[in-house]
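Remarks on the overall topology
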Amino acid sequence: MSVQDDKRENQMIDRFNLEVPEDRKRSDIDAYLTVQGQTISFELKSATRKGVSTVRDLGQGHFSKWKNMHWLFGVYDARGERLLYTHYASPEAMVPWISGKEQYVRPDISLALHAAQGVGRDAVVDLLGEKDYYTRDEAKWVMKNQWSAAQYLQAGDLTEGKEVRYSLDRMVEIMRERCLYVMSRGATLNNPHIPMSYIAELPKITDEPAMNLRRLVKDYLERASITEDATA
């Protein structure tokens, strides 16, 4: 995050009296608040004339993360320093935009899944040769830093003592997972923008931001609860 973006995010946190995760830099959420005993996660974004930038390599992980996320879009003055007003979006309000992007990359995700399933024993033998077992170094050559030390240890199915070993079938699984990871990285969008025309239709908060935000969130939670009861 740039210094300017970080400054704007802090302005919004202060303006709406939000809380931040203890390990904010590593957290998957920008901020949160507690409403009716529920912890509400927020994505904080600042808007420009072109709209709102999202993330690099937007893919399946982001779609899952954003499913229950609430959003605040801050609109700033021409110099980008003073917060003029903010638009609030509930998870429901973001469904059209998110589902549209998810639908766009769906064919690529399907291709990645099918490509990974096509990896078999011949792929392992071609790369590593046919052996009674394969070593941790060979597994790491395939998976690189995608796995932690604990994951390499857990994946071993022919382990003897302290030496981690992998069968041919287990190496097939490992190569399939790596293939899926590599292919899925291509099944992403590079920082798609949320257009201002979309954001402008969302509830606008101009005064008493902390109070009005909580009111909007409560209204959404009540509607969601009614919907759940009706479909139960």
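Check the entry above for the structure.
We now turn to the structure provided with this report. Because the structure is predicted, anything quoted here is derived from the model rather than measured.

1. What to know about the overall build of the protein
Per the secondary structure count, the protein includes nine helices and seven strands. The C-alpha radius of gyration computed for the protein amounts to 23 Å, which surpasses the reference 17 Å derived for 232 residues by more than 25%, pointing to a less compact arrangement than a globule. In terms of its C-alpha atoms, the protein occupies a principal-axis envelope of roughly 70 × 45 × 35 Å. Counting across all 232 residues of the protein, residues that qualify as buried make up 38%. Contacts spanning at least 24 positions in sequence make up 66% of the contacts within the protein whose residues lie at least 6 apart. Only carbon and sulfur atoms are counted for the fraction: they give 48% of the accessible area of the protein, which is about 14,100 Å². Each charge class in the protein can be summarised by its mean position, and for the 32 positive and 35 negative side chains these summaries are 6 Å apart.

2. Thoughts on the packing of helix α4 (residues 121–128) against helix α7 (residues 168–186)
Relative to each other, α4 and α7 sit at 95 degrees, their axes nearing to 9 Å. As judged from the angle between their axes, α4 and α7 are roughly perpendicular. Contacts between α4 and α7 involve Arg 121, Ala 123, Val 124, Val 125, Leu 127 and Leu 128 on the former and, on the latter, Leu 168, Asp 169, Met 171, Val 172 and Met 175.

3. Notes on the sheet that holds strand β2 (residues 38–47)
Taken in spatial order, the five strands of this open sheet run β1-β2-β3-β4-β7, and their pairing is mixed. Every other strand in the sheet has two partners, leaving β1 (31–35) and β7 (204–205) as the edge strands with one partner each.

4. What about the pattern of salt bridges?
What the rule picks out here adds up to eight salt bridges. A salt bridge links Glu 43 to Lys 65; the nearest nitrogen and oxygen atoms lie 3.7 Å apart. Taken as a pair, Glu 43 in strand β2 and Lys 65 in helix α2 (residues 60–66) lie far apart in primary sequence, 22 residues in all. Look at Glu 43 and you get buried, because its relative accessible area is 4%. Connected via shared salt-bridge partners are Glu 43, Lys 45 and Lys 65.

5. As for the environment of Cys 179
Relative to the assigned elements, Cys 179 resides in helix α7. Classification of Cys 179 as buried rests on a relative accessible area of 19%. Each C-alpha atom, one on Cys 179 and one on Lys 162, is 28 Å from the other, the two residues being 17 residues apart in sequence. Non-local contacts of Cys 179, meaning those with residues more than four positions away in its chain, are made with Ala 115, Ala 116 and Val 119.

6. Here we look at helix α3 (residues 91–117)
The terminal C-alpha atoms of α3, which comprises 27 residues, lie only 34 Å apart, well short of the 39 Å expected from a rise of 1.5 Å per residue. For α3, the full list of buried residues reads Pro 91, Met 94, Trp 97, Ile 98, Val 105, Ala 112 and Ala 116.

Calculation criteria
- Residues numbered from 1 in each chain as written.
- Predicted model: local features only at pLDDT ≥ 70, side-chain atom pairs only at ≥ 80, totals over all residues.
- Heavy atoms only, no water.
- Helix = DSSP H or I, 4+ residues; strand = E, 2+ residues; numbered from the N terminus.
- Rg over C-alpha atoms; globule rule 2.2 N^0.38 Å.
- Buried < 20%, exposed > 50% of the residue type's maximum accessible area, 1.4 Å probe, protein only.
- Contact = heavy atoms within 4.5 Å.
- Areas by Shrake-Rupley, 256 points an atom, 1.4 Å probe, with all protein chains shown as cover.
- Lys, Arg positive; Asp, Glu negative; His and termini not counted.
- Charge placed at Lys NZ, Arg CZ, Asp CG, Glu CD.
- Axes fitted to C-alpha atoms, helices over the stretch in contact; angles between N-to-C directions.
- Parallel < 35°, antiparallel > 145°, perpendicular 65-115°, else oblique.
- Pairing = 2+ DSSP bridges.
- Salt bridge = Lys/Arg side-chain N within 4 Å of Asp/Glu carboxyl O.
- Expected span 1.5 Å × (residues − 1).

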